[in-house]
Amino acid sequence: MATAVLVSPGVMPQAVAAQSGTTAAVVQGLPDFTGLVELVGPSVVNIRTTENVLLGAPDGADEQMREFLRRFGIPVPPEAMPRGPRQPGPGGNGQSVPRNRGIGSGFVLSDDGLIMTNAHVVDGADEIIVTLSDKREFKAKLVGADKRTDVAVLRIEASDLKAVKIGDIERLRVGEWVMAIGSPFGLENTVTAGIVSAKQRETGDFLPFIQTDVAINPGNSGGPLINLRGEVVGINSQIYSRSGGFQGISFAIPIDEAMRVADQLSTSGKVTRGRIGVQIDRVGPDVAESIGLGRARGALVRAVQADSPAAAAGVKAGDIILKFDGKPVGQVSDLPRIVANTDPGRTVSMDVFRQGTSKQLSIQVGVMEADGQPLAQTPDKPAKPAGVREWGITVSPLPPETRQELGVDHGVVVTDVESAAARAGVAPGDVILSIGNREIADIAAFEKVTKELSKARNVSVLLRRGEWVQYVVIQP
(Lines give C-alpha, C1' and ligand atoms only; values in the text may rest on other atoms or scores of the structure.)
Protein backbone atom coordinates (compact mmCIF):
# COMPACT_ATOMS: atom_id res chain seq x y z
CA MET A 1 0.00 0.00 0.00
CA ALA A 2 1.38 3.42 -0.98
CA THR A 3 2.34 5.78 1.82
CA ALA A 4 1.44 9.46 1.56
CA VAL A 5 4.44 11.61 2.47
CA LEU A 6 4.23 15.35 3.10
CA VAL A 7 7.14 17.10 1.45
CA SER A 8 8.22 20.66 2.14
CA PRO A 9 9.02 22.85 -0.90
CA GLY A 10 12.52 22.23 -2.18
CA VAL A 11 12.69 18.54 -1.21
CA MET A 12 12.88 16.31 -4.26
CA PRO A 13 10.16 13.59 -4.33
CA GLN A 14 12.70 11.08 -5.63
CA ALA A 15 14.80 11.56 -2.51
CA VAL A 16 11.82 10.88 -0.25
CA ALA A 17 10.97 7.69 -2.13
CA ALA A 18 14.57 6.52 -1.86
CA GLN A 19 14.73 7.21 1.87
CA SER A 20 11.43 5.50 2.65
CA GLY A 21 12.30 2.42 0.59
CA THR A 22 8.70 2.15 -0.62
CA THR A 23 6.51 3.44 -3.43
CA ALA A 24 5.35 6.81 -2.12
CA ALA A 25 2.38 8.95 -3.16
CA VAL A 26 4.18 12.28 -2.84
CA VAL A 27 2.23 15.34 -1.69
CA GLN A 28 4.14 18.60 -1.88
CA GLY A 29 3.42 21.62 0.30
CA LEU A 30 1.01 24.20 -1.11
CA PRO A 31 2.62 27.30 -2.66
CA ASP A 32 2.51 30.72 -1.04
CA PHE A 33 1.12 33.28 -3.51
CA THR A 34 1.75 36.39 -1.42
CA GLY A 35 5.04 37.18 -3.13
CA LEU A 36 3.45 36.82 -6.56
CA VAL A 37 0.64 39.21 -5.64
CA GLU A 38 3.16 41.83 -4.50
CA LEU A 39 5.21 41.30 -7.66
CA VAL A 40 2.49 41.25 -10.33
CA GLY A 41 -0.41 43.04 -8.59
CA PRO A 42 0.79 46.58 -9.51
CA SER A 43 0.78 45.59 -13.21
CA VAL A 44 -2.90 44.54 -13.28
CA VAL A 45 -5.55 47.13 -14.17
CA ASN A 46 -9.30 47.47 -14.00
CA ILE A 47 -11.06 48.43 -17.24
CA ARG A 48 -14.44 50.16 -17.27
CA THR A 49 -16.26 51.01 -20.50
CA THR A 50 -19.16 53.33 -21.26
CA GLU A 51 -21.44 53.90 -24.24
CA ASN A 52 -23.41 56.97 -25.22
CA VAL A 53 -27.19 56.61 -25.08
CA LEU A 54 -30.09 59.04 -25.54
CA LEU A 55 -31.52 60.61 -22.44
CA GLY A 56 -34.80 58.96 -21.63
CA ALA A 57 -33.90 55.67 -23.33
CA PRO A 58 -34.70 52.58 -21.24
CA ASP A 59 -31.80 51.07 -19.39
CA GLY A 60 -32.62 47.51 -20.51
CA ALA A 61 -30.79 44.53 -19.02
CA ASP A 62 -27.65 45.06 -17.02
CA GLU A 63 -24.93 45.28 -19.66
CA GLN A 64 -22.29 43.64 -17.49
CA MET A 65 -24.41 40.51 -17.15
CA ARG A 66 -25.40 40.65 -20.83
CA GLU A 67 -21.72 40.64 -21.83
CA PHE A 68 -21.14 37.68 -19.55
CA LEU A 69 -24.06 35.74 -21.02
CA ARG A 70 -23.04 36.49 -24.61
CA ARG A 71 -19.42 35.54 -24.00
CA PHE A 72 -20.18 32.20 -22.41
CA GLY A 73 -22.88 30.96 -24.77
CA ILE A 74 -25.95 31.59 -22.61
CA PRO A 75 -29.10 32.93 -24.35
CA VAL A 76 -29.38 36.69 -23.88
CA PRO A 77 -32.84 38.13 -23.20
CA PRO A 78 -33.79 41.00 -25.50
CA GLU A 79 -33.41 44.47 -24.09
CA ALA A 80 -36.58 46.27 -23.03
CA MET A 81 -37.94 48.32 -25.91
CA PRO A 82 -39.95 51.54 -25.59
CA ARG A 83 -43.65 51.06 -26.22
CA GLY A 84 -43.93 54.09 -28.46
CA PRO A 85 -41.64 56.51 -30.31
CA ARG A 86 -38.53 57.25 -28.23
CA GLN A 87 -38.85 60.54 -26.40
CA PRO A 88 -36.08 62.39 -24.66
CA GLY A 89 -36.29 62.44 -20.88
CA PRO A 90 -36.79 65.54 -18.82
CA GLY A 91 -34.39 68.16 -20.07
CA GLY A 92 -32.97 65.64 -22.51
CA ASN A 93 -33.78 67.31 -25.84
CA GLY A 94 -32.32 64.26 -27.58
CA GLN A 95 -28.85 64.55 -26.06
CA SER A 96 -26.75 61.48 -25.39
CA VAL A 97 -25.14 60.70 -22.06
CA PRO A 98 -22.55 58.07 -21.10
CA ARG A 99 -23.86 54.88 -19.49
CA ASN A 100 -21.77 52.16 -17.87
CA ARG A 101 -21.43 49.33 -20.35
CA GLY A 102 -19.17 46.72 -18.78
CA ILE A 103 -16.08 45.93 -16.78
CA GLY A 104 -12.98 43.85 -17.36
CA SER A 105 -9.33 43.52 -16.52
CA GLY A 106 -6.00 43.99 -18.23
CA PHE A 107 -2.30 44.28 -17.55
CA VAL A 108 0.56 46.64 -18.34
CA LEU A 109 2.46 45.39 -21.35
CA SER A 110 5.16 48.09 -21.46
CA ASP A 111 6.22 50.98 -19.26
CA ASP A 112 5.26 53.48 -22.00
CA GLY A 113 1.56 52.81 -21.45
CA LEU A 114 0.52 49.79 -23.54
CA ILE A 115 -2.23 47.71 -21.93
CA MET A 116 -3.37 44.24 -23.06
CA THR A 117 -6.91 42.95 -22.57
CA ASN A 118 -9.64 40.99 -24.36
CA ALA A 119 -11.23 42.43 -27.49
CA HIS A 120 -14.71 41.64 -26.17
CA VAL A 121 -14.06 43.80 -23.09
CA VAL A 122 -13.75 46.99 -25.18
CA ASP A 123 -15.91 46.04 -28.16
CA GLY A 124 -18.44 48.80 -28.92
CA ALA A 125 -17.20 51.10 -26.14
CA ASP A 126 -17.37 54.87 -26.63
CA GLU A 127 -15.06 55.51 -23.68
CA ILE A 128 -12.52 53.28 -21.93
CA ILE A 129 -11.39 54.06 -18.37
CA VAL A 130 -8.32 52.28 -16.96
CA THR A 131 -7.79 52.22 -13.19
CA LEU A 132 -4.37 51.28 -11.86
CA SER A 133 -3.76 49.42 -8.62
CA ASP A 134 -2.79 52.74 -6.94
CA LYS A 135 -6.28 54.10 -7.87
CA ARG A 136 -5.07 56.45 -10.59
CA GLU A 137 -7.56 56.64 -13.49
CA PHE A 138 -6.85 57.33 -17.17
CA LYS A 139 -8.86 57.53 -20.35
CA ALA A 140 -7.44 54.90 -22.68
CA LYS A 141 -7.08 54.96 -26.44
CA LEU A 142 -7.83 51.78 -28.36
CA VAL A 143 -4.69 50.98 -30.35
CA GLY A 144 -6.26 47.95 -32.03
CA ALA A 145 -8.43 44.90 -31.44
CA ASP A 146 -8.57 41.50 -33.09
CA LYS A 147 -11.88 39.70 -32.60
CA ARG A 148 -10.58 36.49 -34.14
CA THR A 149 -8.19 35.94 -31.24
CA ASP A 150 -10.04 38.18 -28.73
CA VAL A 151 -6.95 40.32 -28.08
CA ALA A 152 -6.94 44.11 -27.75
CA VAL A 153 -4.22 46.66 -27.03
CA LEU A 154 -4.88 50.01 -25.31
CA ARG A 155 -2.63 52.97 -24.54
CA ILE A 156 -2.68 55.33 -21.57
CA GLU A 157 -0.56 58.39 -20.85
CA ALA A 158 0.84 57.51 -17.43
CA SER A 159 4.16 57.37 -15.61
CA ASP A 160 5.62 54.94 -13.09
CA LEU A 161 4.09 51.91 -14.76
CA LYS A 162 5.33 48.43 -14.02
CA ALA A 163 5.21 46.05 -17.00
CA VAL A 164 4.61 42.34 -16.58
CA LYS A 165 7.17 39.69 -17.45
CA ILE A 166 6.13 37.47 -20.36
CA GLY A 167 6.50 33.73 -19.80
CA ASP A 168 7.47 30.86 -22.10
CA ILE A 169 4.38 28.84 -23.00
CA GLU A 170 6.55 25.84 -23.90
CA ARG A 171 7.64 25.57 -20.26
CA LEU A 172 4.07 25.58 -18.98
CA ARG A 173 3.14 22.10 -17.75
CA VAL A 174 -0.20 20.51 -17.06
CA GLY A 175 -0.64 20.27 -13.28
CA GLU A 176 1.44 23.30 -12.30
CA TRP A 177 0.04 26.09 -10.14
CA VAL A 178 -1.17 29.32 -11.74
CA MET A 179 -2.81 32.48 -10.39
CA ALA A 180 -5.24 35.05 -11.78
CA ILE A 181 -5.69 38.68 -10.76
CA GLY A 182 -8.68 40.66 -11.97
CA SER A 183 -11.91 42.45 -11.15
CA PRO A 184 -14.69 39.85 -10.99
CA PHE A 185 -18.05 41.62 -10.60
CA GLY A 186 -16.09 44.86 -10.20
CA LEU A 187 -14.16 43.64 -7.14
CA GLU A 188 -10.76 45.05 -8.05
CA ASN A 189 -7.48 43.22 -7.41
CA THR A 190 -9.14 39.91 -6.63
CA VAL A 191 -6.71 36.97 -6.55
CA THR A 192 -7.69 33.38 -7.39
CA ALA A 193 -5.49 30.33 -7.93
CA GLY A 194 -5.58 26.80 -9.29
CA ILE A 195 -3.71 24.49 -11.64
CA VAL A 196 -3.33 24.07 -15.38
CA SER A 197 -5.73 21.26 -16.22
CA ALA A 198 -4.95 21.01 -19.96
CA LYS A 199 -3.05 22.67 -22.79
CA GLN A 200 -3.93 23.01 -26.46
CA ARG A 201 -7.62 22.70 -25.60
CA GLU A 202 -9.84 22.95 -28.67
CA THR A 203 -13.01 24.98 -28.15
CA GLY A 204 -13.85 25.75 -31.76
CA ASP A 205 -12.14 29.14 -31.65
CA PHE A 206 -9.12 30.28 -33.64
CA LEU A 207 -6.68 29.54 -30.82
CA PRO A 208 -5.88 26.49 -28.70
CA PHE A 209 -6.58 27.50 -25.10
CA ILE A 210 -4.95 26.87 -21.75
CA GLN A 211 -7.53 25.16 -19.54
CA THR A 212 -7.36 25.77 -15.79
CA ASP A 213 -9.53 25.38 -12.69
CA VAL A 214 -8.78 28.96 -11.59
CA ALA A 215 -12.01 30.74 -10.58
CA ILE A 216 -12.89 33.18 -13.39
CA ASN A 217 -16.04 35.32 -13.40
CA PRO A 218 -17.40 38.40 -15.24
CA GLY A 219 -14.80 41.14 -14.87
CA ASN A 220 -11.84 38.73 -14.93
CA SER A 221 -11.83 38.85 -18.74
CA GLY A 222 -8.56 40.29 -20.03
CA GLY A 223 -6.64 39.73 -16.82
CA PRO A 224 -3.35 37.82 -16.62
CA LEU A 225 -2.80 34.14 -15.87
CA ILE A 226 0.46 33.99 -13.91
CA ASN A 227 2.84 31.10 -13.17
CA LEU A 228 4.84 30.64 -9.96
CA ARG A 229 7.81 32.47 -11.52
CA GLY A 230 5.71 35.64 -11.73
CA GLU A 231 5.39 35.42 -15.54
CA VAL A 232 2.22 35.96 -17.54
CA VAL A 233 1.42 32.80 -19.50
CA GLY A 234 -2.09 33.63 -20.68
CA ILE A 235 -5.04 36.03 -20.85
CA ASN A 236 -8.15 34.88 -19.00
CA SER A 237 -10.91 34.86 -21.57
CA GLN A 238 -13.71 32.31 -21.18
CA ILE A 239 -15.35 29.80 -18.88
CA TYR A 240 -17.31 26.62 -19.45
CA SER A 241 -20.66 26.90 -17.73
CA ARG A 242 -24.14 25.37 -17.91
CA SER A 243 -25.52 27.60 -15.15
CA GLY A 244 -23.96 30.97 -15.95
CA GLY A 245 -21.55 30.77 -13.02
CA PHE A 246 -18.03 29.41 -12.62
CA GLN A 247 -18.07 25.60 -12.62
CA GLY A 248 -14.40 24.72 -12.30
CA ILE A 249 -13.25 25.12 -15.92
CA SER A 250 -11.81 28.30 -17.38
CA PHE A 251 -9.82 29.10 -20.51
CA ALA A 252 -6.93 31.47 -21.18
CA ILE A 253 -5.39 32.64 -24.44
CA PRO A 254 -1.75 31.46 -24.64
CA ILE A 255 0.51 34.46 -24.18
CA ASP A 256 2.74 33.64 -27.17
CA GLU A 257 -0.26 33.84 -29.51
CA ALA A 258 -1.48 36.99 -27.79
CA MET A 259 1.92 38.69 -28.08
CA ARG A 260 2.12 37.86 -31.77
CA VAL A 261 -1.18 39.66 -32.26
CA ALA A 262 -0.31 42.53 -29.89
CA ASP A 263 2.94 43.25 -31.72
CA GLN A 264 1.04 43.75 -34.97
CA LEU A 265 -1.71 45.79 -33.32
CA SER A 266 0.76 48.13 -31.64
CA THR A 267 2.69 48.58 -34.89
CA SER A 268 -0.07 48.93 -37.48
CA GLY A 269 -3.37 48.77 -35.59
CA LYS A 270 -4.41 45.61 -37.41
CA VAL A 271 -3.43 41.96 -37.82
CA THR A 272 -2.27 40.51 -41.13
CA ARG A 273 -2.59 36.76 -41.58
CA GLY A 274 -1.65 34.26 -44.23
CA ARG A 275 -4.20 32.56 -46.45
CA ILE A 276 -4.07 29.79 -49.05
CA GLY A 277 -7.73 29.50 -50.07
CA VAL A 278 -8.93 26.02 -49.11
CA GLN A 279 -11.93 24.65 -47.24
CA ILE A 280 -10.89 21.79 -44.97
CA ASP A 281 -12.29 19.00 -42.82
CA ARG A 282 -11.03 16.33 -40.43
CA VAL A 283 -9.72 12.93 -41.53
CA GLY A 284 -11.48 10.11 -39.71
CA PRO A 285 -9.74 6.87 -38.68
CA ASP A 286 -11.82 4.75 -41.08
CA VAL A 287 -10.98 7.01 -44.02
CA ALA A 288 -7.28 7.13 -43.09
CA GLU A 289 -7.10 3.35 -43.00
CA SER A 290 -9.06 2.82 -46.21
CA ILE A 291 -6.90 5.18 -48.32
CA GLY A 292 -3.58 3.93 -46.94
CA LEU A 293 -2.76 6.96 -44.80
CA GLY A 294 -2.42 4.88 -41.66
CA ARG A 295 -3.32 6.87 -38.56
CA ALA A 296 -5.80 9.73 -38.77
CA ARG A 297 -3.94 13.00 -39.29
CA GLY A 298 -3.77 16.04 -41.54
CA ALA A 299 -6.48 18.24 -43.03
CA LEU A 300 -8.72 17.05 -45.86
CA VAL A 301 -9.14 19.64 -48.62
CA ARG A 302 -12.86 19.76 -49.37
CA ALA A 303 -12.70 22.68 -51.80
CA VAL A 304 -10.12 24.93 -53.46
CA GLN A 305 -11.11 28.52 -54.10
CA ALA A 306 -10.65 29.77 -57.64
CA ASP A 307 -7.66 32.07 -58.24
CA SER A 308 -6.31 31.29 -54.78
CA PRO A 309 -2.70 30.47 -53.79
CA ALA A 310 -3.75 26.83 -53.35
CA ALA A 311 -5.21 26.68 -56.87
CA ALA A 312 -2.01 28.17 -58.31
CA ALA A 313 0.07 25.62 -56.41
CA GLY A 314 -1.90 22.69 -57.84
CA VAL A 315 -3.79 21.70 -54.69
CA LYS A 316 -6.80 19.51 -55.51
CA ALA A 317 -9.99 18.73 -53.64
CA GLY A 318 -9.41 15.43 -51.88
CA ASP A 319 -5.78 16.16 -51.02
CA ILE A 320 -4.82 15.67 -47.38
CA ILE A 321 -2.38 18.31 -46.17
CA LEU A 322 0.15 16.70 -43.81
CA LYS A 323 2.78 19.42 -43.45
CA PHE A 324 2.92 23.15 -44.08
CA ASP A 325 6.21 25.06 -44.04
CA GLY A 326 7.82 22.07 -42.36
CA LYS A 327 5.29 22.02 -39.53
CA PRO A 328 3.21 18.84 -39.12
CA VAL A 329 -0.57 19.11 -39.35
CA GLY A 330 -1.63 16.68 -36.64
CA GLN A 331 -5.31 17.61 -36.81
CA VAL A 332 -7.51 19.79 -38.97
CA SER A 333 -7.44 22.78 -36.58
CA ASP A 334 -3.64 23.00 -36.82
CA LEU A 335 -3.61 24.13 -40.45
CA PRO A 336 -5.48 27.48 -40.12
CA ARG A 337 -3.21 28.52 -37.27
CA ILE A 338 -0.01 27.55 -39.08
CA VAL A 339 -1.08 29.30 -42.28
CA ALA A 340 -2.34 32.39 -40.44
CA ASN A 341 1.00 32.78 -38.66
CA THR A 342 2.93 32.58 -41.94
CA ASP A 343 3.92 35.93 -43.45
CA PRO A 344 1.96 36.71 -46.64
CA GLY A 345 4.17 36.66 -49.72
CA ARG A 346 6.42 33.84 -48.49
CA THR A 347 6.81 30.75 -50.65
CA VAL A 348 6.78 27.60 -48.55
CA SER A 349 6.59 23.84 -49.08
CA MET A 350 3.46 21.82 -48.40
CA ASP A 351 3.26 18.02 -48.14
CA VAL A 352 0.01 16.44 -49.35
CA PHE A 353 -1.30 12.88 -49.58
CA ARG A 354 -3.03 12.28 -52.92
CA GLN A 355 -4.47 8.99 -54.18
CA GLY A 356 -2.19 6.84 -52.09
CA THR A 357 1.07 8.74 -52.59
CA SER A 358 2.77 11.73 -50.99
CA LYS A 359 3.58 14.87 -52.96
CA GLN A 360 5.39 18.09 -52.08
CA LEU A 361 4.00 21.32 -53.48
CA SER A 362 5.36 24.85 -53.41
CA ILE A 363 2.86 27.56 -52.47
CA GLN A 364 3.05 31.33 -52.13
CA VAL A 365 1.02 32.44 -49.12
CA GLY A 366 -1.60 35.12 -49.73
CA VAL A 367 -3.31 37.58 -47.39
CA MET A 368 -6.39 36.53 -45.44
CA GLU A 369 -9.47 38.40 -46.59
CA ALA A 370 -12.21 39.68 -44.32
CA ASP A 371 -14.94 37.63 -45.96
CA GLY A 372 -14.80 34.30 -47.71
CA GLN A 373 -15.78 33.78 -51.31
CA PRO A 374 -19.29 32.50 -52.09
CA LEU A 375 -19.80 28.78 -52.58
CA ALA A 376 -20.66 27.34 -55.98
CA GLN A 377 -24.11 25.94 -56.62
CA THR A 378 -24.92 22.26 -56.18
CA PRO A 379 -24.70 20.46 -59.54
CA ASP A 380 -27.96 19.63 -61.25
CA LYS A 381 -29.06 16.02 -61.31
CA PRO A 382 -28.38 14.52 -64.77
CA ALA A 383 -31.45 13.69 -66.79
CA LYS A 384 -30.18 10.37 -68.24
CA PRO A 385 -28.58 8.04 -65.71
CA ALA A 386 -26.43 5.23 -67.07
CA GLY A 387 -26.97 1.61 -66.12
CA VAL A 388 -23.77 1.16 -64.11
CA ARG A 389 -24.52 -0.19 -60.63
CA GLU A 390 -21.84 -1.26 -58.09
CA TRP A 391 -22.19 -1.27 -54.32
CA GLY A 392 -25.66 0.18 -54.77
CA ILE A 393 -24.58 3.21 -56.85
CA THR A 394 -25.99 4.27 -60.19
CA VAL A 395 -23.97 6.92 -62.03
CA SER A 396 -24.01 8.86 -65.26
CA PRO A 397 -21.53 11.04 -67.20
CA LEU A 398 -20.75 14.44 -65.77
CA PRO A 399 -22.07 17.14 -68.16
CA PRO A 400 -19.46 19.56 -69.54
CA GLU A 401 -21.26 22.58 -68.08
CA THR A 402 -21.23 21.00 -64.61
CA ARG A 403 -17.53 20.21 -64.94
CA GLN A 404 -16.88 23.85 -65.78
CA GLU A 405 -19.08 25.09 -62.95
CA LEU A 406 -17.35 22.88 -60.37
CA GLY A 407 -13.87 23.38 -61.79
CA VAL A 408 -13.18 19.64 -62.14
CA ASP A 409 -11.79 17.76 -65.14
CA HIS A 410 -13.01 14.27 -64.23
CA GLY A 411 -15.70 12.36 -62.37
CA VAL A 412 -19.14 10.80 -62.71
CA VAL A 413 -22.36 11.93 -61.06
CA VAL A 414 -24.52 9.75 -58.79
CA THR A 415 -28.13 9.40 -59.91
CA ASP A 416 -29.39 6.75 -57.50
CA VAL A 417 -28.18 5.03 -54.31
CA GLU A 418 -29.30 2.12 -52.17
CA SER A 419 -28.00 -0.46 -49.67
CA ALA A 420 -24.32 -0.03 -48.73
CA ALA A 421 -23.85 3.28 -50.59
CA ALA A 422 -26.89 4.80 -48.91
CA ARG A 423 -25.64 3.68 -45.49
CA ALA A 424 -22.28 5.33 -46.21
CA GLY A 425 -24.01 8.67 -46.85
CA VAL A 426 -23.75 8.80 -50.65
CA ALA A 427 -26.58 10.89 -52.14
CA PRO A 428 -27.93 11.59 -55.63
CA GLY A 429 -26.10 14.55 -57.17
CA ASP A 430 -22.76 13.65 -55.60
CA VAL A 431 -19.82 13.60 -58.00
CA ILE A 432 -17.46 10.63 -57.60
CA LEU A 433 -13.85 11.76 -58.14
CA SER A 434 -11.97 8.64 -57.07
CA ILE A 435 -12.53 5.13 -55.73
CA GLY A 436 -9.88 3.34 -53.73
CA ASN A 437 -7.30 6.07 -54.49
CA ARG A 438 -7.88 5.59 -58.24
CA GLU A 439 -9.11 8.57 -60.24
CA ILE A 440 -12.47 8.18 -61.97
CA ALA A 441 -12.18 10.03 -65.26
CA ASP A 442 -15.50 8.91 -66.78
CA ILE A 443 -18.04 6.08 -66.91
CA ALA A 444 -15.53 3.71 -68.52
CA ALA A 445 -13.05 4.31 -65.72
CA PHE A 446 -15.79 3.79 -63.14
CA GLU A 447 -16.71 0.41 -64.66
CA LYS A 448 -13.07 -0.68 -64.89
CA VAL A 449 -12.21 0.26 -61.30
CA THR A 450 -15.31 -1.25 -59.74
CA LYS A 451 -14.80 -4.53 -61.57
CA GLU A 452 -11.19 -4.83 -60.40
CA LEU A 453 -11.83 -4.02 -56.72
CA SER A 454 -12.98 -6.71 -54.33
CA LYS A 455 -16.68 -6.37 -53.52
CA ALA A 456 -16.17 -7.99 -50.11
CA ARG A 457 -13.86 -5.33 -48.69
CA ASN A 458 -14.45 -1.76 -47.56
CA VAL A 459 -13.70 0.83 -50.22
CA SER A 460 -13.02 4.58 -49.90
CA VAL A 461 -14.84 6.92 -52.25
CA LEU A 462 -13.98 10.60 -52.74
CA LEU A 463 -17.14 12.62 -53.37
CA ARG A 464 -17.77 16.18 -54.50
CA ARG A 465 -20.99 17.68 -53.10
CA GLY A 466 -21.56 21.25 -54.22
CA GLU A 467 -18.36 23.12 -53.42
CA TRP A 468 -17.18 20.50 -50.91
CA VAL A 469 -15.41 17.17 -51.16
CA GLN A 470 -15.38 14.38 -48.60
CA TYR A 471 -14.37 10.76 -48.20
CA VAL A 472 -16.90 8.07 -47.42
CA VAL A 473 -16.24 4.41 -46.77
CA ILE A 474 -18.65 1.92 -48.37
CA GLN A 475 -18.89 -1.18 -46.23
CA PRO A 476 -20.42 -4.16 -48.11
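Here the structure is a predicted model, which means the values were calculated and not measured.

1. Points about the pattern of salt bridges
Next, step 1: Going through the model one piece at a time under the given rule, you end up with 17 salt bridges.
Next, step 2: Salt-bridge contacts for Glu 452 lead to Arg 438; the nearest nitrogen and oxygen are separated by 2.7 Å. One end of the pair, Glu 452, is in helix H11 (residues 443-452); the other, Arg 438, is in strand S29 (residues 438-439), with 14 residues separating them in the sequence.
Next, step 3: Residue classification places Arg 438 among the partly exposed positions, given a relative accessible area of 31%.
Next, step 4: Taken together, the shared-partner salt bridges connect Lys 165, Arg 229 and Glu 231 into one network.

2. Brief notes about helix H5 (residues 255-268)
Next, step 1: Between its terminal C-alpha atoms H5 stretches 20 Å, which fits the 20 Å expected from 14 residues at 1.5 Å a residue.
Next, step 2: Buried within H5 we find Ile 255, Glu 257, Ala 258, Met 259, Val 261, Ala 262 and Leu 265.
Next, step 3: Just past H5, the residue Gly 269 takes up positive phi, approximately 80°.

3. Some thoughts on the pairing of strand S11 (residues 177-182)
Next, step 1: Counting buried residues along S11, five of its six residues qualify, which places the element largely inside the surrounding structure.
Next, step 2: Inspection of the sheet shows S11 paired to strand S12 (residues 190-201) by six bridges, in the antiparallel sense. For Trp 177, the partnering residue across the bridge sits in S12 and is Ile 195.
Next, step 3: Here S11 runs beside strand S14 (residues 224-227); their pairing, made up of three bridges, is antiparallel. Opposite Ala 180, over in S14, you have Leu 225 as the bridge partner.

4. Describing the packing of aromatic side chains
For any pair of aromatic rings, geometry is given as the distance between the ring centres together with the angle between the planes.
Next, step 1: In this structure the tally under the stated criterion is two aromatic pairs.
Next, step 2: Each ring, one from Phe 33 and one from Trp 177, has its centre 5.9 Å from the other, and the planes form 70°; the classification is edge-to-face. Remark: Trp 177 occurs in strand S11 and Phe 33 occurs in the loop between strand S2 (24-28) and helix H2 (34-40); sequence separation between them is 144 residues.

5. Digging into unusual backbone geometry
Next, step 1: Within the chain, Asp 307 stands out as a residue other than glycine whose phi angle is a positive 60°.
Next, step 2: Along the chain, Asp 307 turns up in the loop between strand S19 (299-304) and helix H7 (309-313).
Next, step 3: By relative accessible area, which is 81% here, Asp 307 ends up exposed.
Next, step 4: A positive phi angle, close to 55°, is found at Asp 325, a residue other than glycine.
Next, step 5: With respect to the helices, strands and loops of the structure, Asp 325 is situated in the loop between strand S20 (320-324) and strand S21 (327-328).

6. Details of the side chain of Ser 43
Next, step 1: Here Ser 43 shows up in the loop between H2 and strand S3 (44-54).
Next, step 2: Polar contacts involving the side chain of Ser 43 include one to the main-chain carbonyl oxygen of Lys 162, which spans 2.6 Å.
Next, step 3: Ignoring sequence-local partners within four residues, the contact set of Ser 43 consists of Gly 106, Phe 107, Val 108, Lys 162, Ala 163 and Val 164.

7. Re the pairing of strand S9 (residues 151-155)
Next, step 1: Within S9, four of the five residues are buried, which leaves the element mostly enclosed by the surrounding structure.
Next, step 2: One ladder, built from four bridges, connects strand S5 (residues 114-117) with S9; its direction is antiparallel. Following the sheet pairing, Thr 117 is matched in S9 by Ala 152.
Next, step 3: Inspection of the sheet shows strand S8 (residues 141-146) paired to S9 by five bridges, in the antiparallel sense. Bridging from a neighbouring strand, Leu 142 pairs with Leu 154 of S9.
Next, step 4: Linking S8 to S9, which pair antiparallel, is a turn of four residues; within it Asp 150 sits at a positive phi near 65°.

8. Considering the nonpolar core
Next, step 1: Phe 107, Met 116, Ile 235 and Ile 255 are the most contacted members of the largest nonpolar core, which totals 26 residues.
Next, step 2: Broken down by secondary-structure element, the contributors of at least two residues to this core are H2, S5, S9, S11, strand S15 (231-239), strand S16 (250-254) and H5.
Next, step 3: Counting residues per element, this core draws most heavily on H5, which supplies six residues.
Next, step 4: Filtering out sequence-adjacent residues up to four positions away, Ile 255 remains in contact with Phe 107, Met 116, Ile 166, Gly 167, Ile 169, Val 232, Val 233, Gly 234 and Ile 235.
Next, step 5: Counting residues in each nonpolar core, the second largest holds 20 residues, with Val 417, Ile 432, Ile 440 and Ile 443 among its members.

9. Section: H11
Next, step 1: When H11 is considered as a whole, its buried residues turn out to be Ile 443, Ala 445, Phe 446, Val 449 and Thr 450. For H11, the angular spread of buried residues about the axis comes to 155°, placing them on one side.
Next, step 2: Looking at where H11 begins, the residue whose side-chain oxygen comes 3.3 Å from the main-chain nitrogen of Ala 444 is Asp 442.

10. Comments concerning the confidence of the model for the protein
Next, step 1: Averaged over the protein, the pLDDT score is 80; the fraction of residues at 70 or greater is 76%.
Next, step 2: Within the protein, strand S1 (residues 3-7) has the poorest average pLDDT of any element, 41, and S14 the best, 97.
Next, step 3: Throughout residues 1-25 the model reports pLDDT below 50, and contacts reaching past four residues in sequence, or to other chains, amount to 22 contacts.
Next, step 4: In the model, residues 72-91 has pLDDT below 50 throughout and makes 31 contacts with residues more than four positions away in sequence or in other chains.

11. Concerning the environment of Asp 112
Next, step 1: As for its position among the elements, Asp 112 is in the loop between strand S4 (96-108) and S5.
Next, step 2: Separated by 46 residues in sequence, Asp 112 and Ala 158 have C-alpha atoms that sit 7.5 Å apart.
Next, step 3: Residues contacting Asp 112, with those up to four places away along its chain left out, are Arg 155 and Ile 156.
Next, step 4: Separated by 2.2 Å, the side chains of Asp 112 and Ser 110 make a polar contact.

12. Points about empty space enclosed by the protein
Next, step 1: Inspection of the entire model under this criterion finds two cavities of 30 Å³ or more.
Next, step 2: For the largest cavity, the calculated volume is near 40 Å³.
Next, step 3: If you trace the largest cavity, you find it lined by Val 44, Val 45, Asn 46, Thr 131, Leu 132, Ser 133, Ser 183, Glu 188 and Asn 189.
Next, step 4: Top element by residues in the lining of the largest cavity is S3. It accounts for three residues.
Next, step 5: Residue composition of the lining of the largest cavity, by class: three nonpolar, five polar and one charged.

How each quantity is defined
Residues numbered from 1 in each chain as written. Predicted model: local features only at pLDDT ≥ 70, side-chain atom pairs only at ≥ 80, totals over all residues. Heavy atoms only, no water. Salt bridge = Lys/Arg side-chain N within 4 Å of Asp/Glu carboxyl O. Helix = DSSP H or I, 4+ residues; strand = E, 2+ residues; numbered from the N terminus. Buried < 20%, exposed > 50% of the residue type's maximum accessible area, 1.4 Å probe, protein only. Expected span 1.5 Å × (residues − 1). Pairing = 2+ DSSP bridges. Phe/Tyr/Trp six-rings, centres within 6.5 Å; stacked < 30°, edge-to-face > 60°. Polar contact = N/O pair within 3.5 Å; in protein donor to acceptor, adjacent residues only side chain to side chain. Contact = heavy atoms within 4.5 Å. Core = buried A, V, L, I, M, F, W, Y, C linked by side-chain atoms within 4.5 Å. Arc of directions from axis to C-beta. pLDDT = per-residue confidence, 0-100. 1 Å grid on protein atoms, 1.4 Å probe; cavity = no way out; pocket = protein on both sides within 12 Å on 5 of 7 lines; lining within 4 Å. Points joined across faces, edges and corners; volume = space filled by probe spheres on them. Nonpolar A, V, L, I, M, F, W, Y, C, P; charged D, E, K, R; others polar.

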